[in-house]
Amino acid sequence: MAQSSLFGELEVEVEIKSSAAKFYHMYAGTPHHVANATPRNVQACDLHDGEWGEVGSIIFWNYVHDGQAKVAKERIEVVEPEKKLVKFRVLEGDLMEEFKSFLITIQVTPKQGGSGSIVKWHFEYEKIDENISHPETLLPFFADMIKEIDEHLLSEE
């Protein structure tokens, strides 16, 4: 049986001013626009198979993390518009050099009692061995991306 220290979960939650629907649409329907919203972090997002926003579609990301150019090939696993939730499974790329599995869940909920939303990025992963660090450096990376996407969405209003 695998050691439980190989499995982990991390989460980052950021309050934004944009509507939940707009932020959700950026990731679920038009992820190729993410590079326009946060070019410092994401350089490209290309569709390799399927349709944007459809379960089973394959997306290829070019991004910069910790000052290094990286890539990720992901499959859309879940799209739930009513919950404003989308899940991506990383299939190939830099993360898979250290992880056996990596699942990313993005959920956006309207803020209670006011305008704006809460964006929650949740990671579930299995490391290839106990010498691999938990991917905590992804938390500020994604928090920064969320804020830049929010600013971009607000500038379009």
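Model, not experiment: these values are computed from the prediction.

Chemist: Is there a simple way to explain the packing of helix H1 (residues 20-28) against helix H3 (residues 138-155) in this structure?
Modeler: For any two helices packed against each other, one specifies the inter-axial angle together with the distance between the axes. The N-to-C vectors of H1 and H3 enclose an angle of 115°; their axes lie 11 Å apart at closest approach. Judged by the inter-axis angle, H1 sits roughly perpendicular to H3. Seen from above, H1 lies across H3 with right-handed handedness. Contacts from Lys22, Phe23, Met26 and Tyr27 of H1 reach H3 at Met145, Ile146, Ile149, Asp150, His152 and Leu153. Residues of the contact of H1 with H3, tallied by class, amount to seven nonpolar, one polar and two charged.

Chemist: How do you make sense of the pattern of salt bridges when you look at a structure like this?
Modeler: Oppositely charged side chains can pair when the atoms bearing their charge come close. Taken as a whole and assessed by the stated rule, the structure comprises nine salt bridges. Across the pair Glu148 and Arg40 runs a salt bridge, and its minimum N-O distance is 2.3 Å. One end of the pair, Glu148, is in helix H3; the other, Arg40, is in the loop between helix H2 (34-37) and strand E2 (42-49), with 108 residues separating them in the sequence. One salt bridge in this structure joins Lys73 and Glu92, with 3.6 Å as the shortest N-O distance. In this pair, Lys73 sits in strand E4 (residues 68-80) while Glu92 sits in strand E5 (residues 85-93), placing the two residues 19 residues apart along the sequence.

Chemist: What is the right way to look at empty space enclosed by the protein in this model?
Modeler: Unfilled space is identified by rolling a water-sized probe across the atoms. Considering all chains together, one arrives at one cavity of 30 Å³ or more under this definition. Lining the largest cavity we find 17 residues, and of these Trp61, Glu74, Ile104, Phe141 and Phe142 sit closest to its centre. Tallying contributions element by element places H3 first for the lining of the largest cavity, with four residues.

Chemist: Would you take a moment to explain the pairing of strand E3 (residues 58-65) for this structure?
Modeler: Regular strands place their side chains on alternate faces of the sheet. Sheet analysis places E2 next to E3, joined by six bridges and oriented antiparallel. Across the sheet, residue Ala44 finds its bridge partner in E3, namely Asn62. Pairing between E3 and E4: eight bridges, direction antiparallel. Within E4, the residue paired with Asn62 across the bridge is Val71. Between E3 and the antiparallel strand that follows it, E4, lie two residues; Asp66 among them carries a positive phi value of about 55°.

Chemist: Help me understand the layout of surface pockets in this model?
Modeler: Looking at the largest pocket, its volume works out to about 270 Å³. His65, Lys70, Leu95, Glu98 and Phe99 are the residues nearest the centre of the largest pocket, which is lined by 13 residues in total. For the lining of the largest pocket, the residue count by class is five nonpolar, four polar and four charged.

Chemist: Sorry if this is basic, but what is going on with the sheet that holds E5 here?
Modeler: Within a sheet, neighbouring strands are paired by backbone hydrogen bonds and run either parallel or antiparallel to one another. Read from one edge of the open sheet, seven strands run E1-E7-E6-E5-E4-E3-E2, paired in antiparallel fashion. The sheet terminates laterally at strand E1 (7-16) and E2, the two strands that pair on one side only. Each strand axis lies, on average, 25° off the axis of its neighbour in the sheet, ignoring direction. On the sheet, H3 packs against E1, E2, E3, strand E6 (99-110) and strand E7 (117-127) and is oriented at approximately 25° with respect to E1.

Basis of the calculations
- Residues numbered from 1 in each chain as written.
- Predicted model: local features only at pLDDT ≥ 70, side-chain atom pairs only at ≥ 80, totals over all residues.
- Heavy atoms only, no water.
- Axes fitted to C-alpha atoms, helices over the stretch in contact; angles between N-to-C directions.
- Helix = DSSP H or I, 4+ residues; strand = E, 2+ residues; numbered from the N terminus.
- Parallel < 35°, antiparallel > 145°, perpendicular 65-115°, else oblique.
- Left-handed = near helix turned anticlockwise from the far one by under 90°.
- Contact = heavy atoms within 4.5 Å.
- Nonpolar A, V, L, I, M, F, W, Y, C, P; charged D, E, K, R; others polar.
- Salt bridge = Lys/Arg side-chain N within 4 Å of Asp/Glu carboxyl O.
- 1 Å grid on protein atoms, 1.4 Å probe; cavity = no way out; pocket = protein on both sides within 12 Å on 5 of 7 lines; lining within 4 Å.
- Points joined across faces, edges and corners; volume = space filled by probe spheres on them.
- Pairing = 2+ DSSP bridges.

Nothing here speaks to function; it is geometry throughout.
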